[in-house]
Each structure stands twice: as C-alpha cells, then as structure tokens.
Amino acid sequence: MKIVGIVGSNAAFSYNRLLLKFIAKKFGNLIDVEVLDIDKVPMFNQSNDQTNSEAIQHLNKKIVAADGVIIATPEYNHSIPSALQSALEWLSFKIHPLDGKPVMIVGASYDVQGSSRSQLHLRQILDAPGVNAVVMPGNEFLLGEVHKAFDEEENLKDANTVQFLEGCIKKFIRFINVVRIVDAPDGMKDVSSTEDLYATGKIDTTIEGIDMEAEDWVEQAAVATGAVEGDAYVKLDRGILTVNQLNYFLNSMPAELTYADSNNQFLYYNRMYEAEDMLASRTPAQVGNPLAQCHPENAFSSVAWVIQQLRSGKEDTVRAHVPTHGPDKFVVHSYQAIRDDEGNYLGINEYVQDIKPIIDWYLKQTGQQLTGGDVDAVSGATEKVDTVSGATAQG
Amino acid sequence: MMNLLAIVGTNSDQSTNRKLLQFIQKHFAEKANIELYEIKDIPAFNKPVDKTAPAEVQDLSDKIREADGVIISSPEYNHSVPAILKSTLEWLSYTTQPLIDKPVMLTGASYGRLGSSRAQAHLRQILDAPELKARIMPSSEFLVGFSLQAYDEDGKLSDPKKIEELEGIFNEFIHFVDITNQLVSANPSQQKTQSFSWEKNE
C-alpha cells in the first residue's frame, strides 16, 4: 500500500518529519511511506496562480498516485502552520488531488498538547468541499513533549506509544479499504465471500495432489500430468507450434499476461521480466497459488467483485488504471473473461499494459492533441471540478 | 479621536473584504481614524533563527502598537483563514508580539451564503493563543454573505439592515477599545517578546 507522508512544517528541522520517517521505517512491513516536504511550495495567492509550479505538481502527482496520505502537523497559534495551510489552498484551488483520498492526521509538539488544537483545525480544513479528503475518524495520535520522545537512532522511546501508533496505522489500512469499498462501483458491502479465493473447489482441469502453495508447483504439476515441453508439438485451434515456440510467442506479447482458472487458481504468466521490472510483479514461485495468496486480504473484496462481473457474464472485460509508475506510464490492468465455445467461464486473462506509448503514437500519427487537462493531460483530463467552494471564490 | 488599524486578511487583488474595510473606513470617519493595511507583501513565515522580524513585519508591528485597536477582515478558505493571514500572525507571534492585549474586532465577507463564519471561528481561536493574546471583542460577529452583490457602485453596503448591524457592533467596539485599554494598563500581560518560541514551550 502506497502512502504519502506530508510534513506539515517548512522548518529546516521538524519533529513531525522525524515522526513520519519513524513511521516509514518502523511500519515498512505494513505500508510503503514516502515522506514529502512542503518547504518549496509558494505562498498561496489566488491572483497569481502557480498551480503548475514544480513544487505543487510534485505534491499533486504523488498524492494522486498514493492509496492514502498521512499529514503530520505541528501547532502554531492553536492552528496548523501557514505553510501547510498554503499547500492545502493550492491543492484545492485548480486541482483537487485530495478529493476522496483517505487521510490520517498525526502531530507532534513541544508542549504537552501534542498539536491537539491544530489537529482539530486540520480536520475541519480537510473537510472543506474544495479539499474533500476522507479523514479517518478517531485514532488521534498526539505526541506531546516531542523533544524528549526520540532516542539517538530517531526511534520513539516509549513502547506504549509505538504500540498505539501501530494500532492507528493498522486501522488506517482498514480505513483505506473501507473508503475503496465506498467508492467501488458496487460499493456498500464487502463482497469477498462471493468468490472462493482460496480455490478450495475443483474443476475438470485442476491438478490434484500437489500443494498449491509449493514454490515448485509448476515442476511438480508437470511431472504429475506428464506435461510436454521444449520441442514437443502442440496442436492448437488453427495451428501447430512447439512448446518453445508457444512460449516465445506469448513472451513477445505487448502485455504482461496472467491466466487464473475458474477455480481461482493462478496457473500461468508470460515471464518476460523479473518481478521488479514488471508493471504488475509476479514471481515464478507464485504460480499455482490460489488467488487469495496473490493478493493482500484488504483487496479480496475488489478481486471477488471483478471475478463476479466476468463469471456472471455481466462484463467481458473490467479495466482499472493502476497509477503505480508515475506520470510517465499509464498502466492499465484489463481483466478479460476467458470463455469456451459455449460461453462457459473458464477463467481470467489479466493483461497489464502501459498504454501511454500507444496513445502518444496515435496522437502523433493523426496530428491530434488531448485537450482539457493543462495540468496533467493524462490523469487530469477527465474530471470537471467544482472550484466554487474551494479556495477560489470565497471573497 | 481613536486610531484603528484595519488589516485586509487576504493577498488577493480582488477582495470583498478590502471593500468592507474601505466602507467601514469611510462610514465611521467621524468616529475613528482608520488606516487600511495590506499584508500581501509580507513574506511566507519561516522560523527565523535570530527571531528578527523582516522589515515588512516590523512595519506592520509598529502600526499595530501605535493603534488603539485593530480590525481584521478575513475571507474563508477551506473552512479557515487564508494562509497569508495565518503567516502574518505567525510572524507577529514569533517576533514582536504587538497583538498582546490589543483590542481586536473581526469581520468577514464571502461570496457564498455563510459569510466566512467558520474562518472567523478559527481566527478567534488563533488570536486567543497565548503568544498572540489579542483581546478579541466577545459575543460579536459581523458576516457579509453573497459579498459580490452586497455593495452599490460607491462601495456602500446596499442593505440598510446590514449597515445598522455594523453600526451597533462598531459602536460597541469603540467602547470595548476604551475599556480594554484601561483594563490592560491597570494589569498588563507579561510580554514574552524575544523569548517566545514554540520550541521552548515546555
């Protein structure tokens, strides 16, 4: 899960920055936190629009691509610092990256209050229509007397505090998933129970007697079935290829292909690259796993929902833009139903592509341009935003 | 006659809060000398190592000290006050602290119906912080909603009821300034000037 941590102060040294760095380090097994500073963000002025400046666009892109945002704020004069206020004004003026984004608030201060009043202000600010973030309720993390809170290695000293913080972070992960369900097309409920994601069932082609989670499932299953390989010929619907030819052919496809059968077992992917170089990483040892083992638990509902669309015949394809690779790529996960001649559901062909080069090529070939998104032509072109209630038009 | 400093709480070129203060300045010219003050050139707050106010902040600070009372008119951005106003107050609290014990009246205008109600509530809490410690006039609120339509061509509030309301509040403020200045001269707050820091506030 990708989280952006925003340091709410522009000060050269900030305990709130330290706190975010500690969260990133300590809970790296739970979330992937990137800590961002706002010290380069100019003072907001509605008469001098600097939305397209590098500092604001950098924040914008990082927030858009994140699953959630943690803001760490100090307290100045019973409120949040003007630097944070200014950043939030820019992010609610012409662009609205926090709209619908799950946000968790933490804060540290030198006094005993631990930023108590500024956190309440921040909640109200994030709730304004122009910002429209989805702030996690409760779970207030206030770190008072912060100058005494860290040891030399910049770790929080008090074990109870760390434990409480861990609880807050875990709730935030759940909260992000709740927000996802709210925003999902079918919303409202957890539909993970509609699919047997642990592949406990059996279909005609299920290879029995082998541990699905074994790292060498492919090798074991090949022995059990006497599967052909190498130069052996395979007769296809309209053609004959050797297994090698078939492999090279699939590996030359302009997409990462994954086959999961109708029993929700992951059977195949075209291994062109190592996991870290893939748009959606897969490892050789994962093949054979039930889909439940290939996704974090918090994604089960979404996975089940997608499979249901395909299995029920409601959709032949479900697509999702997964903003994992920044603005230079536009990664689309397409879930294509695999059906037999009678239309029976056999499984999913998930193909993952970066479609940006194709769009760029099309635009170049036809001399056309994208319009309507001077901020970010790819990801910002779709939504018309309501600026009336943001920072724009309020006197 | 009383001297008041009226601070425009935004850096925007177009501001119905500026218009409101201009109206107040003109309408109450016989009751007080009101000087309008713009904060748009005050730099963004960043904790200065030596705690010295930049020239712009020192200038504002001097004006506040000289004034008998201060009026702040704020728009509402995101349920709160604009960053530029907040930044200005941070400078004042971190450096010269001229607002300590200073009588302050709040007004606000917004394009929508609510007239900056939430911004004023935040501003009250901010000015109440010990390092600002302004003496804000209690139980008073002046909100101008639909502020783009609220003035005639001469910049006068077009609703006579609104003017009446403002006159009531302004007269009260004149008395409030007097009473407050008597109160604080008899029992002044200890100025924390040059020693305050959010870092040493244990």
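Residues numbered from 1 in each chain as written. Chains lettered and ligands numbered in written order. Predicted model: local features only at pLDDT ≥ 70, side-chain atom pairs only at ≥ 80, totals over all residues. Heavy atoms only, no water.

### Points about the overall build of chain B
Cut-off, in case you're wondering: By the criteria applied, helices consist of DSSP H or I runs no shorter than four residues and strands consist of E runs no shorter than two, each listed in order from the N terminus. The size measure is the radius of gyration over C-alpha atoms, and the globule rule it meets is 2.2 Å times the number of residues to the 0.38 power. Exposure is judged per residue with a 1.4 Å probe applied to protein chains only, and the accessible area is read against the type maximum: over 50% gives exposed, under 20% gives buried, and values in between give partly exposed. Any two residues whose heavy atoms approach within 4.5 Å at even a single point are treated as in contact. Here the Shrake-Rupley method, with its probe set to 1.4 Å, supplies the accessible areas, and only the displayed protein chains count as covering residues. Residues scored as charged are limited to Lys and Arg (positive) and Asp and Glu (negative), so that His and the chain ends carry no count. Lysine's charge is taken at NZ, arginine's at CZ, aspartate's at CG and glutamate's at CD.
For chain B, the helix and strand inventory stands at five helices and six strands. Relative to the globule expectation of 17 Å for 202 residues, the C-alpha radius of gyration of chain B, 16 Å, shows essentially globular dimensions. Across its three principal directions, the C-alpha atoms of chain B cover 50 × 35 × 25 Å. The 202 residues of chain B split such that 56% are buried. Within chain B, counting contacts between residues at least 6 apart in sequence, those at least 24 apart form 80% of the total. As displayed, chain B offers around 8,700 Å² of accessible surface, 48% of which is attributable to carbon and sulfur atoms. For chain B, the centre of its 21 positive side-chain charges and the centre of its 28 negative side-chain charges are spaced 4 Å apart.

### So, the overall build of chain A
Within chain A, the secondary structure is distributed over nine helices and 13 strands. In terms of principal-axis extent, the alpha carbons of chain A reach across some 75 × 55 × 35 Å. Buried positions account for 46% of the 395 residues belonging to chain A. The long-range share in chain A, meaning contacts at least 24 apart out of those at least 6 apart in sequence, stands at 64%. Of the accessible surface of chain A, which amounts to about 20,000 Å², a share of 50% is contributed by carbon and sulfur atoms. Between the mean site of the 32 positive side-chain charges and the mean site of the 54 negative ones, chain A shows a separation of 4 Å.

### Side note on the side chain of B:Gln97
Under the convention used in this document: By the criterion applied in these results, polar contacts are pairs of N or O atoms within 3.5 Å in which, for protein atoms, one can donate a hydrogen and the other can accept it, and in which residues neighboring in sequence qualify only through two side-chain atoms.
Assignment of secondary structure puts B:Gln97 in the loop between helix H3 (83–94) and strand E4 (103–109). Here B:Glu131 takes part through its backbone oxygen, which lies 3.2 Å from a polar atom of the side chain of B:Gln97.

### Some words on the interface of chain A and chain B
As a reminder, the rule being used: Buried area is a sum: the accessible area each of two parts loses on coming together, probed at 1.4 Å, counted once for each and added. As a working rule, the residues Ala, Val, Leu, Ile, Met, Phe, Trp, Tyr, Cys and Pro are called nonpolar, Asp, Glu, Lys and Arg charged, and the rest polar, with Gly in that last group.
Opposite the 36 residues of chain A that make contact, chain B presents 41 residues. Of the roughly 3,100 Å² buried between chain A and chain B, counting both surfaces, carbon and sulfur atoms make up 50%. Our enumeration of links across chain A and chain B arrives at 22 residue pairs in polar contact (both at pLDDT 80 or more). Those elements that provide at least two residues to the side of chain A that touches chain B are helix H3 (82–90) and helix H4 (116–126) of chain A. The greatest single-element share of the side of chain A that touches chain B, amounting to five residues, is contributed by H3(A). Class assignment of the residues belonging to the side of chain A that touches chain B gives a composition of 14 nonpolar, 17 polar and five charged.

### Quick look at the layout of surface pockets
Residues and elements named next belong to chain A. Put simply, the rule reads: The pocket and cavity definitions rest on a 1 Å grid over protein atoms only: a 1.4 Å probe that fits but cannot leave marks a cavity, an open set with protein on both sides within 12 Å along at least five of seven lines marks a pocket, and residues lining either have an atom within 4 Å of a point. Grid points are joined across faces, edges and corners, and a volume is the space filled by probe spheres set on the points.
Estimates place the volume of the second largest pocket at around 1,500 Å³. The wall of the second largest pocket is formed by 36 residues, among which Val218, Val243, Asn247, Leu267 and Tyr268 lie closest to the centre. Broken down by element, the lining of the second largest pocket gets its largest block of residues, seven residues, from helix H7 (residues 243–251). Residue composition of the lining of the second largest pocket, by class: 21 nonpolar, eight polar and seven charged.

### Here's the deal with the sheet that holds strand E11 (residues 317–321) of chain A
By definition, the strands of a sheet pair up through backbone hydrogen bonds, in either a parallel or an antiparallel sense. Residue and element names in this part refer to chain A. Threshold: Should DSSP find at least two bridges between two strands, the strands are taken to pair. Helix axes are fitted only over the stretch in contact, all axes being lines through C-alpha atoms; the angle between N-to-C directions runs from 0 to 180 degrees.
The sheet built from five strands is open, its strands ordered E10-E9-E13-E12-E11 with antiparallel pairing. Strands at the two margins of the open sheet, each flanked by one partner only, are strand E10 (266–269) and E11. Strand after strand, the sheet turns through a mean of 20 degrees between neighbouring axes, direction not considered. Looking at chain direction, strand E9 (residues 256–261) and E10 are connected through three bridges and run antiparallel. Residue pairing across strands places tyrosine 259 opposite tyrosine 268, the latter belonging to E10.

### Here's the deal with the confidence of the model for chain A
Worth spelling out the cut-off: Residue-level confidence of the predictor is what pLDDT reports, using numbers from 0 through 100.
Confidence in the prediction of chain A, expressed as mean pLDDT, is 90, and 93% of residues score 70 or more. Note that residues 373–395 of chain A has pLDDT below 50 and, in this model, 53 contacts with residues that lie over four places away or in other chains.

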